[in-house]
Amino acid sequence: MTRRADRRWLIASLMALALGGCLGGGGEEPGALEDHDPHEGGGQFTELSDGIELFAEYPHQIAGAGSEEPWEVHLTWMEGWRPVEGARVTLVLAEPGGAREEVAADPEIPGVYLVSPALSDPGTWQAEFRVSLEGEERVIRAGAFEVFESEEEVDPHAGHDHGEDEEHEEEELATGLITLTKEEQWSFPFAVAVAEEREIPASFPAAGELMAPPRGLVHVSSPVAGLIQVDGPSLGPGDQVRTGQVLALIAPISLDDSYVRTRADVAAARREADRAERLFQAEAVSARRLEEARRDLQVAVAAFEAIGGAAAGGGENGDSDLYPLRSPIDGVIAVRDAALGQQVEVGENAFTVVNAATLWLVAHIPARHAAETERIRGAWFTVEGGGSTYTASRVLSVGSMIEPASRTLPVRFAVPNSEGVLKVGMLAEGQILVGDPVRGVAIPTSAVQDENGLPVVYVKMSGDTFERRVVEVGASDGAWTLVRSGIGIGEHVVTLGAYQVNLASLGTIEPSDGHAH
């Protein structure tokens, strides 16, 4: 009998087991040869051990004759879902009467090992695999399987024609199982996770945007009319700046209320204050005259410093007629509107500086949830163009008025952004966390796929077979989502590569044999 026929019978038996509860609600991974009816001939099993998944397919065994095809052993590193190379694999077989055989497997392609046992006695044998890798040996128990006396005992479909082939293929599709070979899984990013019991806060959905706090985004305008000096600083978007750092030097072009005129007023007021001080010491003027001179100097200095001047002198460009345009905050230059050599007018924006170490998430809460704002514990969200999840645990403020147009209530959260990944102006979607946590079956949020408005999860039934399930989802904290129905604790769900599994179910990925022979 061919491996193709074996595979049809295997899928049919898997479906029967699933319907009977062996693989469904219990959520247990198929893990031993005895999970399959040995009288159907051949089978498969999947086991996890120390970060490695071992998936083996075996043909039916005839006493004294071996099998037409070898056992195929697929070894996968769970982390990164890549084939295990360089392992030494040994199949150990034991018969209740005391017979024992050890057969070494040969590497075929990366991650695939072939072994061809030839057993002399019919009956029920026990099997286990010994996998030696990187100086460690893992023993993985496979369980029991049947060795038959003849082909007649194992092949109830001998002599079927091509029409029966098509009929069996239709039956295979009717099971609802999706086949995606190990070689196909290894060819793209892929990962699975185990459903587990967790507590997750109740939540409701909300959209919003990321904004800068009041001192997180500053437009730096020129208080004087003048020319941006070519020999001044040449800072541009992306450059880090400090508070007080000179962004550009401007040569004023007007004396009316200009930088030069105001600087001259400071110099004149300082000279007059010094003169009044000397005359007062000589008792030539009154204390009132000295006080007036000092007050005039203070007013001139304040006016000069208000437009960015360094009235004390001696600092950066302190003794120059050039006006230094400075950054008022630490941050990064987001926009430079004034080019070197360009003329700027009074009040014209020259730079935009952003400090995004902490941003605001302004979430727009639907009006129907406005009464729950006192119970808000935080939020999680994703941003446009990215799949990463971010959290915000500090509520800054809750709006006091429903916006008439959108029927939403604004709620502001503080979002740490020390690495600068998030950008001002990004749109966000996520969940607002409220109330006490809810306990239940949880799966990674990345396992839940939106297919035409339905939440769908792909469950790994065996090493290369999957099942598509429409589930009912509950609360989510961004990383994990509660599933009210459709998934049991301990079941394995696809968290990365679900799209490719879906394509395989549609026949877009050609499900070839996928095995090396």
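These numbers were taken from a predicted model, which means no experiment stands behind them.

A. Representation of the overall build of the chain in the model. Secondary structure assignment for the chain yields seven helices and 34 strands. The buried share of the chain, reckoned over its 517 residues, is 48%. Restricting to contacts in the chain with at least 6 residues of sequence separation, those with at least 24 account for 71%. When the accessible surface of the chain is split by element, carbon and sulfur atoms take 50% of a total near 25,000 Å².

B. Region of interest: helix α7 (residues 498-506). Three or more residues of α7 are buried, namely A498, V501, N502, L503 and A504. Packing partners of the buried residues in α7 comprise β12 (177-179), β29 (449-451), β30 (454-460), β31 (465-470) and β34 (492-496). Backbone geometry just after α7 places G507 at a positive phi near 85°.

C. Representation of unusual backbone geometry. For D50, which is not glycine, the phi torsion reads 50° and is therefore positive. Structurally, the position occupied by D50 is in the loop between β1 (43-49) and β2 (52-58).

D. Local environment of the sheet that holds strand β6 (residues 88-94). Read from one edge of the open sheet, five strands run β3-β11-β10-β6-β7, paired in mixed fashion. Among the strands making up the open sheet, the edge pair consists of β3 (61-62) and β7 (100-104). As paired strands, β3 and strand β11 (residues 136-148) are joined by two bridges and run parallel to one another. Counted as the bridge partner of Q61 is V147 from β11.

E. Quick look at the nonpolar core. Grouped together as the largest cluster of nonpolar side chains are 29 residues, with contacts concentrated most on L54, V73, L75, A87, V89, F129 and F145. When residues of this core are traced back to their parent elements, those giving at least two are β2, β4 (71-77), β6, β9 (112-115), β10 (123-133) and β11. With five residues, β10 is the single largest residue contributor to this core. For L54, the contacting residues outside a window of four places in its chain are F45, T46, E47, V73, H74, L75, F129, V131 and I140. By size, the runner-up hydrophobic cluster in this structure holds 21 residues, among which are L359, L361, I376 and A428.

F. Spotlight on the sheet that holds strand β16 (residues 226-228). Read from one edge of the open sheet, four strands run β19-β18-β16-β21, paired in antiparallel fashion. The open sheet has two edge strands, β19 (323-326) and β21 (343-344), and neither has a second partner. One ladder, built from two bridges, connects β16 with β21; its direction is antiparallel. Its bridge partner being in β21, L227 is matched across the sheet by Q343.

G. Local environment of the pattern of salt bridges. Enumeration according to the criterion identifies 18 salt bridges in this entry. Its salt-bridge partner being R130, residue E102 comes within 3.7 Å of it at the nearest N-O pair. In this pair, E102 is assigned in strand β7 and R130 in strand β10, connecting sequence segments 28 residues apart. Assessed through its relative accessible area of 25%, R130 is described here as partly exposed.

H. Up close: the side chain of Q229. Checked against the element boundaries, Q229 lands in the loop between β16 and β17 (240-241). Once you skip the residues sitting within four places of it in the chain, Q229 turns out to touch L249, A251, L322 and L340.

I. Quick look at the environment of V131. Along the chain, the position of V131 falls in strand β10. For V131, a relative accessible area of 1% corresponds to the buried category. Residues V131 and A87, spaced 44 residues apart in sequence, show a C-alpha to C-alpha distance of 6.5 Å. Not counting chain neighbours up to four residues away, the residues in contact with V131 comprise L54, L75, A87, R88, V89, E136, E137, R138 and I140.

J. Looking closely at the pairing of β9. Burial along β9 is two-sided: V112 and L114 and Y113 and V115, pointing in opposite directions, are all buried. Examined bridge by bridge, β4 and β9 share four bridges and lie antiparallel to one another. Residue pairing in the sheet places H74 in a bridge with V112 of β9. Two strands pair when backbone bridges link them, and strand β8 (residues 106-109) and β9 are joined in this way by three bridges, in the antiparallel orientation. Note on β9: the bridge partner recorded for D106 is L114. Linking two consecutive strands that pair antiparallel, namely β8 and β9, is a turn of two residues; a positive phi of about 90° is found at G111 within it.

K. Structural view of the packing of aromatic side chains. Counted under the stated rule, the structure contains nine aromatic pairs. Between W81 and F190 the ring centres are 5.2 Å apart and the planes differ by 50°, which places this aromatic pair in the tilted class. Placement of the pair is W81 in the loop between β4 and β5 (82-83) and F190 in the loop between α4 (182-186) and β13 (191-194), with a sequence separation of 109 residues. Of the two residues examined, W81 and F190, each falls in the buried class. In this structure an aromatic cluster arises from ring pairing among F45, Y58, W71, F129 and F145. Here the basic side chain of R198 rests over the ring of W480, its NZ or CZ set 3.8 Å away from the ring centre. The ring of W360 has R412 sitting right over it, with the charged end atom 4.0 Å from the ring centre.

About the criteria used
- Residues numbered from 1 in each chain as written.
- Predicted model: local features only at pLDDT ≥ 70, side-chain atom pairs only at ≥ 80, totals over all residues.
- Heavy atoms only, no water.
- Helix = DSSP H or I, 4+ residues; strand = E, 2+ residues; numbered from the N terminus.
- Buried < 20%, exposed > 50% of the residue type's maximum accessible area, 1.4 Å probe, protein only.
- Contact = heavy atoms within 4.5 Å.
- Areas by Shrake-Rupley, 256 points an atom, 1.4 Å probe, with all protein chains shown as cover.
- Pairing = 2+ DSSP bridges.
- Core = buried A, V, L, I, M, F, W, Y, C linked by side-chain atoms within 4.5 Å.
- Salt bridge = Lys/Arg side-chain N within 4 Å of Asp/Glu carboxyl O.
- Phe/Tyr/Trp six-rings, centres within 6.5 Å; stacked < 30°, edge-to-face > 60°.
- Lys NZ or Arg CZ within 6 Å of the ring centre and 35° of its normal.

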